[in-house]
Amino acid sequence: MRNKFQQNASVYKMMTYEKLAVYLILLFVVLIISCNVFGSLSMLIIEKKEDIAILQSMGADRRLINGIFAAEGWMISLLGTVIGIIVGLGVCLAQQKFGIVAMPGNFIVTAYPVRIHLTDVVAVFFSVAAIGYIMTHCVKALRR
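The model shown is predicted, which means the values in this text are computed figures rather than measured ones.

Considering the arrangement of structural elements, one finds Ser 127 in helix H5 (residues 118-143). A polar side-chain atom of Ser 127 sits 2.3 Å from a polar atom in the side chain of Tyr 23. Those residues within four positions of Ser 127 in sequence are excluded, and the remaining contacts are Tyr 23 and Leu 27.

In structure tokens form, the structure reads like this:
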């Protein structure tokens, strides 16, 4: 006797590839969006030239000033990541409870099924946080 995964192996394999494709597409979108963070931090550095000069005259070295901008970029990235995960989980829970997105066609299930996996949430968090960290350090390298 075979279980449901063995009976419909091709369907589950296709769903796995679909999940991976959506993850990669959304990761690419996050990469593009992080360029916006890079641009805004670069503009912030340009706008704060006088404040940077004041900090340097007070004894702040280049490393401290770079650390300030890196911390700000890191906070922006992490805040966006946390808010995005909270909103995403809210949408998933709403889909589970209310079935907002209906499935087209003649299926037994009327709404698109959603299941939340902790490993997916953790993977998304660390992927987006890593992109934010890399972009923040790119701005830090630009400051030099």
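Core analysis: the biggest nonpolar cluster contains nine residues, these being Val 37, Leu 41, Leu 44, Ile 45, Ile 52, Ala 60, Ile 65, Phe 69 and Val 139. Looking at this core, the elements that each hand over two or more residues are helix H2 (9-47) and helix H4 (62-98). When sequence neighbours within four positions are dropped, the list of residues in contact with Leu 41 reads Phe 69, Glu 72, Gly 73, Ile 76 and Val 139.

It is worth spelling out the pattern of salt bridges at this point. For the structure shown, the criterion picks out two salt bridges. A salt bridge links Asp 120 to Lys 19, with the nearest nitrogen and oxygen atoms 2.9 Å apart. Here Asp 120, found in helix H5, pairs with Lys 19, found in helix H2; they are 101 residues apart in sequence, far enough to count as distant. A relative accessible area of 26% places Asp 120 in the partly exposed class. For Lys 19, a relative accessible area of 45% corresponds to the partly exposed category.

Let us look at a nonpolar patch on the surface. On the surface, a nonpolar cluster with roughly 450 Å² of combined accessible area is contributed by Val 22, Ile 25, Leu 26, Val 29 and Ile 33. Structurally, Ile 33 can be placed in helix H2.

Looking now at the packing of H2 against H4. The geometry of H2 relative to H4 is characterised by a closest axis approach of 11 Å and an angle of 145° between their N-to-C directions. Crossing hand, H2 versus H4: right-handed. Contact residues: H2 offers Val 37, Leu 41, Leu 44 and Ile 45, while H4 offers Phe 69, Glu 72, Gly 73 and Ile 76. Of the residues that constitute the contact of H2 with H4, the class distribution is six nonpolar, one polar and one charged.

Moving on to H2. Because each turn of an α-helix spans 3.6 residues, side chains separated by three or four positions end up pointing in the same direction. Between its first and last C-alpha, H2 extends 57 Å over 39 residues, near the 57 Å set by a 1.5 Å rise per residue. Those residues of H2 lying buried are Ser 34, Val 37, Leu 41, Ser 42, Leu 44 and Ile 45.

Predicted confidence across the chain gives a mean pLDDT of 87, with 97% of residues reaching 70 or more. At the level of individual helices and strands, the chain shows its lowest average pLDDT in helix H1 (residues 4-7), which scores 74, and its highest in helix H3 (residues 49-57), which scores 92.

Analysis parameters
- Residues numbered from 1 in each chain as written.
- Predicted model: local features only at pLDDT ≥ 70, side-chain atom pairs only at ≥ 80, totals over all residues.
- Heavy atoms only, no water.
- Helix = DSSP H or I, 4+ residues; strand = E, 2+ residues; numbered from the N terminus.
- Polar contact = N/O pair within 3.5 Å; in protein donor to acceptor, adjacent residues only side chain to side chain.
- Contact = heavy atoms within 4.5 Å.
- Core = buried A, V, L, I, M, F, W, Y, C linked by side-chain atoms within 4.5 Å.
- Buried < 20%, exposed > 50% of the residue type's maximum accessible area, 1.4 Å probe, protein only.
- Salt bridge = Lys/Arg side-chain N within 4 Å of Asp/Glu carboxyl O.
- Patch = residues over 30% accessible without salt bridge, like charges linked within 9 Å, V, L, I, M, F, W, Y side chains within 5 Å.
- Areas by Shrake-Rupley, 256 points an atom, 1.4 Å probe, with all protein chains shown as cover.
- Axes fitted to C-alpha atoms, helices over the stretch in contact; angles between N-to-C directions.
- Left-handed = near helix turned anticlockwise from the far one by under 90°.
- Nonpolar A, V, L, I, M, F, W, Y, C, P; charged D, E, K, R; others polar.
- Expected span 1.5 Å × (residues − 1).
- pLDDT = per-residue confidence, 0-100.

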